[in-house]
Amino acid sequence: MPKPALTREDVLDAAARLVERHGPQALSMRRLAAELDTAVTSIYWHVGNRESLLDALVEATVGRLGTVRPAGRTPRQRIVSVARALRRDLLEHPQLIAVVHERGLTERMFVPAQRALIREVHAAGLRGARAAAAVRAVQFQVVGYVLVERNRERAPARGPGGAARWDASAADRDPPLARALARPVDSERLFLTSVRALVDGLLPR
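Residues numbered from 1 in each chain as written. Predicted model: local features only at pLDDT ≥ 70, side-chain atom pairs only at ≥ 80, totals over all residues. Heavy atoms only, no water.

The next point concerns the packing of helix α4 (residues 50-64) against helix α6 (residues 94-102). Relative to each other, α4 and α6 sit at 115 degrees, their axes nearing to 9 Å. For the element pair α4 and α6, the recorded crossing hand is left-handed. For the pair α4 and α6, the contacting residues are Leu54, Leu57, Val58, Thr61, Val62 and Arg64 in the first and Leu96, Val99 and Val100 in the second. When grouped by side-chain class, the residues that make up the contact of α4 with α6 number 7 nonpolar, 1 polar and 1 charged. (Axes fitted to C-alpha atoms, helices over the stretch in contact; angles between N-to-C directions. Helix = DSSP H or I, 4+ residues; strand = E, 2+ residues; numbered from the N terminus. Left-handed = near helix turned anticlockwise from the far one by under 90°. Contact = heavy atoms within 4.5 Å. Nonpolar A, V, L, I, M, F, W, Y, C, P; charged D, E, K, R; others polar.)

Since there are 3.6 residues in each turn of an α-helix, residues three or four apart along the chain are aligned in direction. Its 15 residues give helix α1 (residues 8-22) an end-to-end C-alpha distance of 21 Å, which sits within 8% of 21 Å, the value for a rise of 1.5 Å per residue. Residues Val11, Leu12, Ala14, Ala15, Ala16, Leu18 and Val19 constitute the buried set of α1. Residues of α1 that are buried in the fold lie against α2 (29-36), α3 (40-47), α4 and α6. Glycine 23 sits one or two positions beyond α1 and adopts a positive phi of about 95 degrees. (Expected span 1.5 Å × (residues − 1). Buried < 20%, exposed > 50% of the residue type's maximum accessible area, 1.4 Å probe, protein only.)

This model, assessed by the stated rule, comprises 1 aromatic pair. Relative to phenylalanine 191, the ring of tyrosine 145 has its centre 5.1 Å away and its plane inclined at 65 degrees; by these criteria the two rings are edge-to-face. Here phenylalanine 191 lies in helix α10 (residues 187-202) and tyrosine 145 lies in helix α8 (residues 128-154), a separation of 46 residues in the sequence. In this structure, tyrosine 145 and phenylalanine 191 share a single accessibility class: buried. The ring of phenylalanine 191 carries arginine 87 above its face, with NZ or CZ at 5.1 Å from the centroid. (Phe/Tyr/Trp six-rings, centres within 6.5 Å; stacked < 30°, edge-to-face > 60°. Lys NZ or Arg CZ within 6 Å of the ring centre and 35° of its normal.)

Relative to the 26 Å expected for 18 residues at 1.5 Å per residue, helix α7 (residues 106-123) spans 27 Å between its end C-alpha atoms, a close match to the ideal helical length. When the local axis directions of α7 are compared, the greatest deviation, roughly 40 degrees, occurs at proline 112. Along α7, the residues that are buried comprise Thr106, Met109, Phe110, Pro112, Ala113, Ala116, Leu117, Glu120 and Val121. Considering only its buried residues, α7 is in contact with α4, α5 (75-92), α6 and α8. (Bend = angle between axes of the 7 residues up to and from the residue.)

A word on the environment of proline 94. Within the element layout of this structure, proline 94 appears in helix α6. For the pair proline 94 and arginine 150, spaced 56 residues apart in sequence, the C-alpha separation works out to 9.2 Å. Aside from chain neighbours lying at most four places away, what touches proline 94 is Glu20 and Arg150.

It is worth spelling out the side chain of threonine 61 at this point. Its place among the elements puts threonine 61 in helix α4. The buried category is assigned to threonine 61, whose relative accessible area is 3%. In contact with threonine 61, other than residues within four places in its own chain, are Leu96 and Val100.

With that settled, the discussion passes to unusual backbone geometry. Of note, aspartate 37 is a non-glycine position whose phi angle comes to about 55 degrees, a positive value. Mapped onto the elements, aspartate 37 comes out in the loop between α2 and α3. By relative accessible area, which is 57% here, aspartate 37 ends up exposed.

Running from N to C, α5 and α7 point in directions that differ by 170 degrees, and their axes come no closer than 9 Å. In terms of orientation, α5 lies roughly antiparallel with respect to α7. Between α5 and α7, the contacting residues are Pro75, Arg78, Ile79, Val82, Leu86 and Leu90 on the first element and Met109, Phe110, Ala113, Ala116, Leu117, Glu120, Val121 and Ala123 on the second. Classifying every residue of the contact of α5 with α7 gives 12 nonpolar, no polar and 2 charged. (Parallel < 35°, antiparallel > 145°, perpendicular 65-115°, else oblique.)

Here it is, written out as structure tokens:
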């Protein structure tokens, strides 16, 4: 049975998988051809040279992140849902996001989420500078939180005595606080707590 004809989408999907597994530096035309079991000339025919391939990969990544569907009955709930979706996309595609950033298109990547947030802050009654500040605050909260999460993932694991520094004196004589701080962070729960508090502070009651 003959192999299905190779398409441009096949090439971009394989390139995305390579980048996600091994980083942008691993993406070469020869390696991509081997991944697809085809000739290098076939890759060039579909996507051009490596620079053109990276441009197409960035466009595909931005397009993939362009579908934002807020969920919830109220503007507050829908804003939180946009923030959760944006965080999930940033965490699930770190290498592709890095390529987008390197190509200078980071701001464009955030446009769909910004548009969704603008609709929701308008629905909540904000306009003008206050609406802009709310949109940016949510976006910066998400990006900053993801950066902290990534740094924690890359940090060396703490030794057995790592939790000992959270003693009662370090926690201002609050033993329950010390015990809570010594436990592993529930990143998803903490994110929801922080973004909900932010949104509650930004929107009119």
